[in-house]
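Close look at the chain arrangement
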Amino acid sequence: MSNAHTAGVRSGRLLLLLPLQAASVAGLGLLVTGPLADRWPLSVEDGVNRALADRREALATALSEGMSLLASTRSIVTLTLVAVLALLLLPGVPRLRRWRDAAFLAGSVAAQSAVFLLVTMVVGRARPDVSHLDAAPPTSSFPSGHVGAATALFGGLAVLAAGRLRGAERALVVGLLLLIPPAVAASRLYRGMHHPSDVVVGLLNGGCTLLVMAYALLLSTPGTRTSAGLPTPRSEPDDAQAATPVPEQDAAPAAPSPSTRFASADALEAPAGPRRAVVVRHPHGCGDGTAARVRALLRHHGYTDQAWTSTSAEEPAGALAARMAEADTALVVVCGGDGTVRACADVLSGGAIPLAIVPCGTGNLLARNLRLPSDPDTALREALAGATAGIDLGRIHGDGLAPTRFTVMAGAGFDAAMVRDASARLKQRLGWAAYVLSALRHLGDPRMRLTIRLDGGAPLERRARMVVLGNVGSLQGGLPLLPDARPDSGRLEVVLLDPRGVAGWLAAARHLLTRSATRTSGPRLSAGRDRRAAGGALEYFSAERIVLRFARPQPRELDGDAFAAGTRLTAEVEPGALRVWLPGPGEGETVGAAETVGATGTVGASETVTAADMAGATDAAGEPDGYGCTAGLGEPHGAQRAGRPPARTRRPDGVR
């Protein structure tokens, strides 16, 4: 049975939830209008409507009229048709994805309307006993059709925007779209058209419809996942692409353009004959179609001798070390997420063999911070057309944690508990959004007591909900958890999160979202200095060596993988320990002043580049790019990089 047929059957079964949703909403309506009508909080709804009616004023009335008109039947139908046509005509998007997105949006609005009409046939509820500012339609007051329709339309647009946009643009657009349904709900209450419970159930009805339609049409469609956790279908099925033969003339390495600034000297100076690549594949993250395209791309770049190995729980890097020992290896390719990349980086640390990342995981944070494309094929194609650069690694150990390395972040407390308890099934379905659901379960976890020692200094005593050490700084959507972190800075950044109550959480969220929107960065920190933000909810440090001690065992995580709880963590930076293939600047861009920062990676004897050059060359004025890299002139950490010792290949603690 094909993947497409299986997905179609699954989608059909999920749509059967809509009649169940209609029955549930109808049953709730019968309770609201029957035995629960005289119970709190339904018993005070009339008072709420009267209070709003008594406080009407011209400006609020005009605003509420606009929101009510925006969610009227005529407006919803018109806007839905316009949006569907725009989705179908959107250039540069595969046809299958255009039709899928259009069907999701139109289906969500239509399904919500169908559920609403079915419920109003069963539940009859009179409008509030106040003056109405709109003509009352003949349908029941329960649930609110305006609110449900607005939730389906604008919530559906928010879902699609979350899958297409990135960074601050995504946060702004999605946030504005999600504000519209609550605004419509408030306007319907203000205008005396609904009871509070009517608009609440309208929001729930629209939201549940979106959830069902997203699972049926978006999350059940085969394809790779985007940064928002939704699948991005190919223009052709994976199986079809996998079967496409590669022409013989494409098997030879592509000749690099002499005009490109970052043409790979490795490709120019490679000896005649096939080059060998070892490919580490996560069996669940990297499907057969993606694997076939990776093989073809590697052959196209001259890596005709390929050794493939799959990961497992016992061997997170597969048999990488053994495959590398079999013959001279020119390249290691990792097809997986941050956990797989971390395990492979632990093997490659301090060596000369470069790594190419094919992002196939849930978060893919290292790839995001290095500004690799989210599409696996594009990421490999653009990286191999660029050059190699050296990035730092974090070396870490603790009680019950053998010496190992991380590429992105290590943490303890709230974030580690979130990673530990995230459902594997939801991660496959929702991507990184599964971590958000897990985080909600731990918002009330108690604070932990800990001490921090930076570069051998005096211990600092703190209380916090979590502590994160970062080699890079940005989370999904460009959210700058560690705004000073750079992958080639020769330092690790630390943040303590300690919000007090709801106000503290809101202050921390506002601070991070504001930094994401403005992409600003404060002065870099020197060892032993700290900086507080968001009213003390966030505290930042910077050091080359960090020692953490916890009063009680805390859950711990490395690059999104959960590890056993413990009371100690010791982390140290390994400067330039990993060579990574990165895309070069776009056509017409030059590195310019960025080259003066200092070199951590090489592409040949005469040319040096940094990870910042490769990942953020467009920000040549020194402004952070929002993804954890910078390419600024005169950045203070440039001198630190230029004078630091080279990475060592043997460590006294036994880490290779």
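This one's a predicted model, so the numbers in the text were calculated from it and none came from an experiment.

1. Description of the overall build of the protein chain
When helices and strands are counted, the protein chain shows 22 helices and 19 strands. Counting every position in the protein chain, which comprises 656 residues, the buried fraction comes to 52%. Of all intrachain contacts in the protein chain linking residues separated by at least 6 positions in sequence, the fraction that spans at least 24 positions is 72%. Here the protein chain has roughly 28,400 Å² of accessible surface; of this, 60% comes from carbon and sulfur atoms.

2. Quick word on the packing of helix 2 (residues 17–33) against helix 6 (residues 95–122)
Closest axis-to-axis distance for the helix 2/helix 6 pair is 9 Å, and the angle between their directions is 40°. As judged from the angle between their axes, helix 2 and helix 6 are oblique. For the crossing formed where helix 2 meets helix 6, the hand is right-handed. Residue-level contacts link Leu 18, Gln 21, Ala 22, Val 25, Ala 26 and Leu 30 of helix 2 to Ala 111, Val 115, Leu 118, Val 119 and Val 122 of helix 6. Of the residues that constitute the contact of helix 2 with helix 6, the class distribution is ten nonpolar, one polar and no charged.

3. Digging into the environment of Gly 124
With respect to the helices and strands, Gly 124 occurs in the loop between helix 6 and helix 7 (145–164). Once the C-alpha coordinates of Gly 124 and Phe 142 are considered, the two residues, 18 residues apart in sequence, prove to be 7.3 Å apart. Here Gly 124 is in contact with Thr 33 and Ser 140, once residues within four sequence places are set aside.

4. Observations regarding the pairing of strand 15 (residues 538–543)
When you tally the buried positions in strand 15, you get six out of six residues, the bulk of the element. Of the two faces of strand 15, the one lined by Leu 538, Tyr 540 and Ser 542 and the one lined by Glu 539, Phe 541 and Ala 543 are each fully buried. Alignment of strand 13 (residues 492–497) against strand 15, held across six bridges, turns out to be antiparallel. By the bridge assignment, Val 495 is partnered in strand 15 with Tyr 540.

5. Here we look at the packing of aromatic side chains
Evaluated as defined, the whole model comprises one aromatic pair. Residue placement shows Arg 275 over the ring face of Tyr 303; its charged tip is 4.3 Å from the ring centre. Positioned above the aromatic ring of Trp 308, the side-chain terminus of Arg 295 is 4.2 Å from the ring centre.

6. A word on the state of the cysteines
A full pass over the atoms with the stated rule returns zero disulfides. With no disulfide of its own, Cys 286 lies 4.3 Å from the sulfur of Cys 335, the closest cysteine sulfur. Free of any disulfide, Cys 360 has its nearest cysteine sulfur in Cys 286, 4.6 Å distant.

7. Focus: the pairing of strand 11 (residues 460–464)
Pairing of strand 10 (residues 448–454) with strand 11, which is carried by five bridges, proceeds in the antiparallel orientation. Residue pairing across strands places Thr 451 opposite Glu 461, the latter belonging to strand 11. The loop that links strand 10 with its antiparallel partner strand 11 comprises five residues; one of these, Asp 455, has a positive phi angle of about 50°.

8. Points about unusual backbone geometry
Going from Trp 40 to Pro 41, the amide bond is cis rather than trans, its omega being 10°. Examined against the element boundaries, Pro 41 turns out to sit in the loop between helix 2 and helix 3 (45–54). At the junction of Phe 142 and Pro 143, the peptide bond is cis and its omega measures out at -15° in the coordinates. Within the secondary structure, Pro 143 is located in the loop between helix 6 and helix 7. A positive phi angle is found at Ala 534, which is not glycine, with a value near 55°. Along the chain, the position of Ala 534 falls in the loop between strand 14 (530–533) and strand 15. Positive phi is not limited to glycine here, since Asp 559 has a value of about 50°.

Criteria and cut-off values
Residues numbered from 1 in each chain as written. Predicted model: local features only at pLDDT ≥ 70, side-chain atom pairs only at ≥ 80, totals over all residues. Heavy atoms only, no water. Helix = DSSP H or I, 4+ residues; strand = E, 2+ residues; numbered from the N terminus. Buried < 20%, exposed > 50% of the residue type's maximum accessible area, 1.4 Å probe, protein only. Contact = heavy atoms within 4.5 Å. Areas by Shrake-Rupley, 256 points an atom, 1.4 Å probe, with all protein chains shown as cover. Axes fitted to C-alpha atoms, helices over the stretch in contact; angles between N-to-C directions. Parallel < 35°, antiparallel > 145°, perpendicular 65-115°, else oblique. Left-handed = near helix turned anticlockwise from the far one by under 90°. Nonpolar A, V, L, I, M, F, W, Y, C, P; charged D, E, K, R; others polar. Pairing = 2+ DSSP bridges. Phe/Tyr/Trp six-rings, centres within 6.5 Å; stacked < 30°, edge-to-face > 60°. Lys NZ or Arg CZ within 6 Å of the ring centre and 35° of its normal. Disulfide = S-S within 2.5 Å.

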